[in-house]
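Structural features, examined
The primary structure of each chain is shown beneath.
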Amino acid sequence: MAGLQWELPPELCCRPMAFVALTGLDVVYNAVHRAIWDVFSANRRTDRVPISFKILPGDHEYPKCRTKRTSYEWYIPKGILKTSWMNKHLNEVPALVVVFYELDWDDPQWKEKQSECATKVEIVRSSLQSRNTKVAVVLIQKKTPLPPGEDLVASERAAAICHACDLSGKSLFVLPHTDHLVGYIIRLENAFYEHAQTYYYNEIRRVKSHKEFLNKTTHQLLFVRHQFKIAFFSELKQDTQNALKHYRTAYSLVHELRAHESNMLEIKTLAGFINYKVCRLCFQHNTPLDAISQFRKHIDLCKKKIGSAELAFEHAAWMAKQFQSFGELFDDAIKLGLAAIQTQNPGFYYQQAAYYSQERKRLVLQLSQAGAIYPSSDPMDMPNGGLDYYGQRPWRQGHQSIDPPDLDKERKGILALQLNERGIPHSELIITLLSNAVAQFKKYKCPRMKSHLMVQMGEEYYHAQDYAKALKLLDYVMCDYRTERWCGIQTAILTTALQCAYLMASVKDYIIFCMELLGRASTLKEEQKSRIEQNLMQVLKNKIPDPEPQCDQFSANAGRSLWNQCMGSGGSNEFIIDVQDYIPFIQCKAKFRSPSFHVDEVIRLQVFVRADCPHPVSFTKLAVSLSNQEYNQWCVLETSSQECKTLLPGKTKCYNFSFVAKTTDVGKKIEMTSVEIMLGSGSGRCVFLRWRGAGGDAATTHEFLQSNRSSYCRDPEEDLDWDCLTILQNTMIISRVPKIYVELSHQPPALSNEMYCIHFTVQSLEEAVAKDVKLTAGLKPGQDANLSQTTHVMLDNSKACDDTTPPLLPDILLGNLKPGEKLNRCVYVTCLTTGPRLFLFHIAYSIDVTVDGQQIVCKCQKDETVTIETLVPFEVSASFLSTKFEPLEQIAVDIPFLMLTEVQSSSPWPLLLASSSLQNIGITNTQHHEFQLQDVILQKDECASECFCLRCPPLANNNNAVATGQYLISWRRNTHYSGWVFKLDGTSDSRTRLHPQLGLWYQSSREGLDSLPLWSCPR
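The structure contained in this document is the topic of the report that follows. (Residues numbered from 1 in each chain as written. Predicted model: local features only at pLDDT ≥ 70, side-chain atom pairs only at ≥ 80, totals over all residues. Heavy atoms only, no water.)

1. Structural notes on the overall build of the protein
Applied cut-off: For the purposes of this entry, the term helix denotes a DSSP run of H or I that reaches at least four residues, the term strand denotes a run of E that reaches at least two, and both are numbered from the N terminus. Burial classes: relative accessible area under 20% of the type maximum marks a residue as buried, over 50% as exposed, and values in between as partly exposed (1.4 Å probe, protein chains only). Surface exposure here means Shrake-Rupley accessible area, sampled with a 1.4 Å probe, where a residue is shielded only by the protein chains that are shown.
Secondary structure assignment for the protein yields 23 helices and 36 strands. Among the 1019 residues that make up the protein, the fraction classed as buried is 49%. Only carbon and sulfur atoms are counted for the fraction: they give 50% of the accessible area of the protein, which is about 49,700 Å².

Here you go:
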């Protein structure tokens, strides 16, 4: 009973609904009755009237009705509220009893069945024993009734059965068993609900009528009782506003009662019940602020009503239940749509409930009941199986005086309560409440509150001796406290976790927690750290450590036996601990000496190690693992020198490693994957402390930021100031620096379609022979795709380029270069279009070098780029004139005319026009003269002209257009020859008007000449 007396009764917590009893239904053997009952009871939606139905036999014995009291003059109440009253009106005393009877209006045995129905009704009335419960009759019929007034027989017989059963017309119903059974039953329910409303209204009036007989001197309890009953009947009537009003009145009255130690528990119990009802209705009315205000008022009024000091734990238990109940109400309201916030959510109430449960546990542990024996005559024994009134003591029920009637019974009762309380699983109750609070704070994103309560849960699991769960919870929350640097909290958690690890004989966990408690984040005193370090050394020597001082003797002995079993089991004595997420007593940082190394340089890295424990500590082995495992053999320290492997408290030691990179790793990163320090030896236990990457732990980043904010930091190379040491986890292997000289010489800009010469010179500055020298020359990849189509590169200028000539010449073998040897080459570039181009000259070779006594073959390379602008050499235009030098828009057949060509230089270099000619001409040349542009030199912007006399022959097929042919110019700059072809198309005869329209393009001929076409087209 001690554990259940604080639970709220289910009849208080449920939603009160009108109780209607159904009789006359045989749901086992009658299918029709079963179908009717299923509609009444199954799948009741929220839109149906709130009624609680129950099938009872016709002769069911209902609770007896007490004799009505006519005077309260000498009546002294024994308590406030009987424990059976709410359940009686919810489940035992119906507001309406409905008698079901199968009877059709045209039944041939009407008289007999009418009498039988009346008898059943009379039996029900006699069972109710003068209660005000209404009685109704439902006739189950097979046929659908006619509309009212049309069936005279039905009207007659309905009046007859009402008279026989002493019923009003509103209490007789007909239920046809047809396809519309659900609709008929819903209409029946509404009628039943009206009858129930009337019953509860009359009950409220009956209770109110007693008020005039009461006085406030001797009947204070009755004022509270009657207000509670009125409010409860109002809830059954679904008048929640009126119910809330009377509950508030009852709450005010209960606090007006004279309180003393003998009735304090009863007052608090009823106050808690009424407060629960008020808060529940406030949430139901969507006024959560009123509910919170009422609860705060309730706590303020009751928190100091402790009662007997010997039973102070009961007050803590009651307070815990108040907070828990309100938290559950709050949570239920949220599930129905109420919005909560971070600072006001159910988690705070569950947390307070857990706090008072912890206080309850503390008060119980303070009781001095060593050797106490439970009383032989159990004072908690109740003859009736339960209390008559809520909140009273079993050994003095109904007693309302200030002094207890029997002091010996009172003493035994208090002792029984205390001994029963010792058997309560307090930690289990606390953990449940804390778990509910954690779930709420997690839901509303309150991480620190969640972590704080999880620590308390872990401590409760520890007190409950469930060390595995305690360790799991504490280990989970320690990550947050490490990250945020709550050193004091972290140390307290670690201390509890260390006790759990010892009592479980969990060797690995014990080592981890010892390491952290010895570390720089621990706030323990030096003597405590010394003791822990000694225990750690004992574990490394495969011996049993001493128990923690906080462990009681019984638990310590149990833990020691587990350690003995662990040592005798013959399990593995090697432990690998990833310390990256902890703050251990050994710190480690590693770095490469440079972010990058050339392949012909020795790669150097440093490992810095520091101990924070009170006494020197030695390690057995130090190893660095790299991404390329072939280098790991060069990064291991396994010296026999004890001095080299001994770490002094607060001192930093530096260990250097070096190796030669492989040429296959050029262009790759070499990364430290882990740093490992081995503690212990093979004869005892081996503990491998492993840092992922290049060292550092959970606090390293925070400490480095703090050191950067300081105004002064010592040189890490000189003093090895730990906070200033940085971590460099990876380095890049880059190719050897080439020792060659490359020179490019040319005369920009390049002219379109010419073979542009670029002189390439390479000279070796190496001390050894440069082998397999290769050249890649041409247009640099990654530029506009159109440039690749119009750029041609070659080494031989004796041949003309064509569309198959590539824009880039790869891997041209130049042979070997001795030290100081020079090599010259020419590369010819032809650009068919104008604009800038970027050209690449890539030199690659290999050379033998010696690095740290090792011979390696290095591949070296060097790139040179040059941007060349391409220009048009000259502009060519042509015009048609008459023999009188007048412009022509059209020409006539067989009549001579003149064609005048003009060449204007746009080259910054002097151009030599070697010759000119007309080719593939479709018009007759009237005079076979020599061409005039021969060996003409043009400077920039200078012009040269030439005139031809032509005649158009008769055209076939009435074609009015004729091809004029090509005008071909051979030119050169320096020693490079180029050519242009000027194409003349589309002149017409005299019958067609022509408008010459000139268009230009560049085309490489077989001889390397460029062609410039010209054509005419009609308007």
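2. Focus on the pairing of strand β4 (residues 134-141)
Put simply, the test is: The criterion for strand pairing is that DSSP finds at least two bridges linking the strands in question. By convention, orient the strands away from the viewer: a clockwise path from the first strand over the helix to the second makes the crossover right-handed.
The buried fraction of β4 amounts to seven of the eight residues, a majority that puts the element mostly inside the structure. Where strand β3 (residues 96-102) meets β4, seven bridges bridge the pair, whose relative direction is parallel. Within β4, the residue paired with Val98 across the bridge is Ala136. Regarding the hand of the β-α-β motif, the stretch spanning β3, helix α4 (residues 110-128) and β4 is right-handed. Taken together, the five bridges between β4 and strand β5 (residues 172-176) define a ladder with parallel strand orientation. For Ile140, the partnering residue across the bridge sits in β5 and is Leu175.

3. Observations concerning the side chain of His842
Which entries qualify depends on this criterion: Pairing of N or O atoms within 3.5 Å defines a polar contact, subject to two protein rules: one partner must be a possible hydrogen donor and the other a possible acceptor, and residues neighboring in sequence count only if both atoms are side-chain atoms. Throughout, a residue-residue contact means that at least one pair of heavy atoms, one from each residue, lies within 4.5 Å.
Mapped onto the secondary structure, His842 falls in strand β25 (residues 835-851). On the accessibility criterion, His842 (17% relative accessible area) is buried. At a separation of 2.4 Å, a polar atom in the side chain of His842 contacts the side chain of Asp863. Those residues within four positions of His842 in sequence are excluded, and the remaining contacts are Lys774, Leu775, Thr776, Gln861, Lys862 and Asp863.

4. Description of the sheet that holds strand β22 (residues 791-794)
Heads up, the rule is: To define axes, lines are fitted to C-alpha atoms, for helices over the stretch in contact only, and angles between the resulting N-to-C directions are given on a 0 to 180 degree scale.
The sheet built from four strands is open, its strands ordered β18-β20-β24-β22 with antiparallel pairing. Each end of this open sheet is capped by a strand with a single partner; those strands are β18 (740-745) and β22. Across this sheet, the average inter-strand angle for adjacent strands is 25°, counted without regard to direction.

5. Digging into the nonpolar core
Definition in use: Note on terminology: a nonpolar core comprises buried Ala, Val, Leu, Ile, Met, Phe, Trp, Tyr and Cys residues joined through side-chain atoms within 4.5 Å.
The biggest cluster of nonpolar side chains holds 197 residues, and the ones touching the most others in it are Ile586, Leu605, Val607 and Leu626. The element contributing the most residues to this core is helix α9 (residues 264-284), with 12 residues. If we skip the residues at most four places from it in the chain, Leu605 touches Lys591, Phe592, Arg593, Val624, Leu626, Cys635, Tyr655, Asn656, Phe657, Phe659 and Met672.

6. Structural notes on the sheet that holds strand β7 (residues 586-592)
Spatial ordering of the open sheet is given by β7-β9-β14, a layout of three strands whose pairing is antiparallel. Every other strand in the sheet has two partners, leaving β7 and β14 (652-660) as the edge strands with one partner each. Neighbouring strand axes in the sheet, compared pairwise and without regard to direction, differ in orientation by 20° on average. Judged from the seven bridges that link them, β7 and strand β9 (residues 602-611) form a sheet pairing that is antiparallel. Looking at the pairing, Ala590 lines up with Val607 of β9.

7. Let's talk about α9
Worth spelling out the cut-off: One less than the number of residues in a helix, times 1.5 Å, gives the span that helix is expected to have.
Look at α9: 30 Å from first C-alpha to last across 21 residues, which is about the 30 Å you get at 1.5 Å a residue. Taking burial as the measure, the 21 residues of α9 include 19 buried ones, the bulk of the element. In the stretch just after α9, Asn286 is the one whose phi turns positive, near 60°.

8. A look at unusual backbone geometry
Each neighbour pair has its own omega, and for Pro748 with Pro749 the value is -5°, a cis peptide bond. The backbone of Gln465 shows a phi angle near 65°, a positive value even though the residue is not glycine. Here Gln465 shows up in the loop between α15 (447-463) and α16 (467-484). Look at Asp811: it is not a glycine, yet its phi comes out positive at around 50°. Checked against the element boundaries, Asp811 lands in strand β23 (residues 808-817).

9. Description of the environment of Asn535
Here Asn535 shows up in helix α19 (residues 526-540). Classification of Asn535 as buried rests on a relative accessible area of 2%. A C-alpha to C-alpha distance of 6.4 Å links Asn535 and Asp546, two positions 11 residues apart in sequence. Side chain to side chain, Asn535 and Tyr510 meet in a polar contact 3.4 Å long.

10. Some details on the packing of aromatic side chains
We apply this condition: Side-chain rings of Phe, Tyr and Trp, where Trp is taken by its six-membered ring, are said to pair if the distance between their centres is within 6.5 Å; with planes under 30 degrees apart they count as stacked, over 60 as edge-to-face, and otherwise as tilted.
Throughout the structure, instances matching the rule amount to 33 aromatic pairs. Consider the rings of Phe874 and Trp971, whose centres lie 5.8 Å apart with planes at 80°: the pair is edge-to-face. In this pair, Phe874 is assigned in strand β27 (residues 874-881) and Trp971 in strand β33 (residues 965-973), connecting sequence segments 97 residues apart. One exposure class covers both Phe874 and Trp971, and it is buried. Each residue in the set Phe283, Phe295, Phe323, Phe326, Phe330, Tyr349, Tyr355 and Tyr356 is aromatic and connected to the rest through ring pairs, giving one cluster.

11. A short note on the pairing of strand β2 (residues 51-55)
Here strand β1 (residues 18-23) pairs with β2 via five bridges, running parallel. Opposite Val20, over in β2, you have Phe53 as the bridge partner.

12. Comments concerning the packing of α15 against α16
Selection rule: Throughout, the term roughly parallel applies to angles under 35 degrees, roughly antiparallel to angles over 145, roughly perpendicular to angles from 65 to 115, and oblique to all others. Take the far helix as your reference; a near helix turned counterclockwise from it by less than a right angle gives a left-handed crossing, and one turned clockwise gives a right-handed crossing. Throughout, the ten residues Ala, Val, Leu, Ile, Met, Phe, Trp, Tyr, Cys and Pro are labelled nonpolar, Asp, Glu, Lys and Arg are labelled charged, and all others, Gly among them, are labelled polar.
Closest axis-to-axis distance for the α15/α16 pair is 8 Å, and the angle between their directions is 150°. Considering the angle they form, α15 stands roughly antiparallel to α16. Taken as a pair, α15 and α16 cross one another with a handedness that is left-handed. Contacts between α15 and α16 involve Arg448, Lys450, Ser451, His452, Met454, Val455, Met457, Gly458, Tyr461 and Tyr462 from the former and Tyr467, Lys469, Ala470, Leu473, Leu474, Tyr476, Val477, Asp480, Tyr481 and Glu484 from the latter. Its residues placed into classes, the contact of α15 with α16 shows 12 nonpolar, three polar and five charged.

13. With respect to the environment of Lys64
Locating Lys64 in the fold gives a position in the loop between β2 and α3 (85-92). The exposure class of Lys64 is exposed, given its relative accessible area of 66%. Taking C-alpha positions, Lys64 is 8.4 Å from Arg131, a pair spaced 67 residues apart along the chain. Excluding residues that lie within four positions of it along the chain, Lys64 makes contacts with Gln129 and Arg131.

14. Quick look at the pattern of salt bridges
Test applied: Every case where a carboxyl oxygen of Asp or Glu lies within 4 Å of a side-chain nitrogen of Lys or Arg is listed as a salt bridge.
Evaluated as defined, the whole model comprises 32 salt bridges. Through salt bridges with shared partners, a single network forms among Arg44, Arg48 and Glu189.

15. Things to note about the packing of helix α8 (residues 240-254) against α9
Between α8 and α9, whose axes approach to 9 Å, the crossing angle comes to 150°. When the interaxial angle is binned, α8 and α9 end up roughly antiparallel. Once α8 is placed against α9, the crossing between them reads as left-handed. Each of Thr240, Ala243, Leu244, Tyr247, Arg248, Ala250, Tyr251 and Val254 in α8 lies in contact with α9, whose residues at this interface are Ile267, Leu270, Ala271, Ile274, Asn275, Lys277, Val278, Leu281, Cys282 and Gln284. Counted by class, the contact of α8 with α9 contains 13 nonpolar, three polar and two charged residues.

16. Side note on helix α20 (residues 553-568)
For clarity, the threshold we go by: Here the arc refers to the set of directions running from the helix axis out to each C-beta atom.
If you check α20, its first and last C-alpha atoms are 23 Å apart, about what 16 residues at 1.5 Å a residue would give, namely 22 Å. Ser555, Ala556, Gly559 and Trp563 are the residues of α20 that are buried. The buried residues of α20 occupy an angular sector of 95° when projected down its axis, which confines them to one face. Set apart from the buried face of α20 by more than 90 degrees, the exposed residues are Gln553, Phe554, Gln565 and Gly568.

17. Digging into the environment of Leu912
Counting through the fold element by element, Leu912 comes out in strand β29 (residues 911-919). Taking relative accessible area as the criterion, Leu912 reaches 13% and is therefore assigned buried. Excluding residues within four positions of it along the chain, Leu912 makes contact with Asp935, Val936, Ile937, Ser970, Trp971 and Arg972.

18. Thoughts on the side chain of His426
The residue His426 is located in helix α14 (residues 426-443) in this model. You can call His426 buried: its relative accessible area is 9%. Side-chain polar atoms of His426 contact the side chain of Glu421, separated by 2.8 Å. With residues near it in sequence (within four places) discarded, His426 still touches Arg360, Lys361, Val364 and Glu421.

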